[in-house]
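Architecture at a glance
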Amino acid sequence: MIKNHDRSGWFGASDTYTIMCAGRQTDSFAKWWAQKLGLSHLNFTTAAMAAGTAYEHRILDFMGIRKKDRQIKIRRLKLRVNLDGEDRHTVHEIKTHSADKPFTVSRAYWMQCQVEMFATGKKCVIDAYALLPEDYENYYNPIDPNRLEHFPVEYDKNWIESKYLPELEYFADCLKKKIIPGGR
């Protein structure tokens, strides 16, 4: 659960898709980069985002996950990874979705888990919970085990070392110099 919404000065695991895939000449990239530089702050939320935040700890509690909301900083890379929950061997990344569509592990979620595994040295599982329309109205509905699915993500050390870390190092350098990353 994100407590501090200031995303300036750091890259999070959820920023990985933007770092790796986003068109750097787009308005959305420019707005994202302005946040990283601390020039703007986005306090955007939707009903789905609010419900996901409200259910996150309840889902972790239901699964018996006690360690929640740990933050890991790797200062030289300007990397700040916020973990939803974890146990001794596994990071648990909670995702909620509308029950009318099946959950799939998107490329962005896969990348997020890769960075969480890099930062912790642990396995990562995406725990996806299907929300019904009434769950958006009442955040205290009981957790239904039949709507909870678990998606283990395999660590790709080669992708981290050969693709992600060079880009993250470049972005960290751009952030330190306060310059806009160009196409590479």
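You'll find the structure just up there.
These remarks concern the structure in this document. (Residues numbered from 1 in each chain as written. Predicted model: local features only at pLDDT ≥ 70, side-chain atom pairs only at ≥ 80, totals over all residues. Heavy atoms only, no water.)

1. Digging into the pattern of salt bridges
When the charged atoms of two side chains with opposite charge come close together, those side chains can pair. Taken as a whole, this structure holds eleven salt bridges when the rule is applied. The shortest N-O distance in the salt bridge between Asp144 and Arg147 comes to 3.4 Å. Since its relative accessible area comes to 25%, Asp144 is described here as partly exposed. Overall, the relative accessible area of 15% leaves Arg147 in the buried class. Ionic contacts of the salt-bridge type, sharing partners, join the residues Arg70, Glu86 and Lys122 into one network. (Salt bridge = Lys/Arg side-chain N within 4 Å of Asp/Glu carboxyl O. Buried < 20%, exposed > 50% of the residue type's maximum accessible area, 1.4 Å probe, protein only.)

2. Things to note about the sheet that holds strand β5 (residues 90–98)
Taken in spatial order, the five strands of this open sheet run β1-β4-β5-β6-β7, and their pairing is mixed. Of all strands in the sheet, those with a lone pairing partner are β1 (67–68) and β7 (148–153), marking the two edges. Judged from the two bridges that link them, strand β4 (residues 85–86) and β5 form a sheet pairing that is antiparallel. Bridge assignment links Gly85 to a residue of β5, and that residue is His92. Where helix α3 (residues 47–63) meets the sheet, its contacts fall on β1, β4, β5, β6 (123–131) and β7, and the angle it forms with β5 comes to roughly 135°. Of the strands in this sheet, β5, β6 and β7 are in contact with helix α4 (residues 107–120), which crosses β5 at around 160°. (Pairing = 2+ DSSP bridges. Helix = DSSP H or I, 4+ residues; strand = E, 2+ residues; numbered from the N terminus. Contact = heavy atoms within 4.5 Å. Axes fitted to C-alpha atoms, helices over the stretch in contact; angles between N-to-C directions.)

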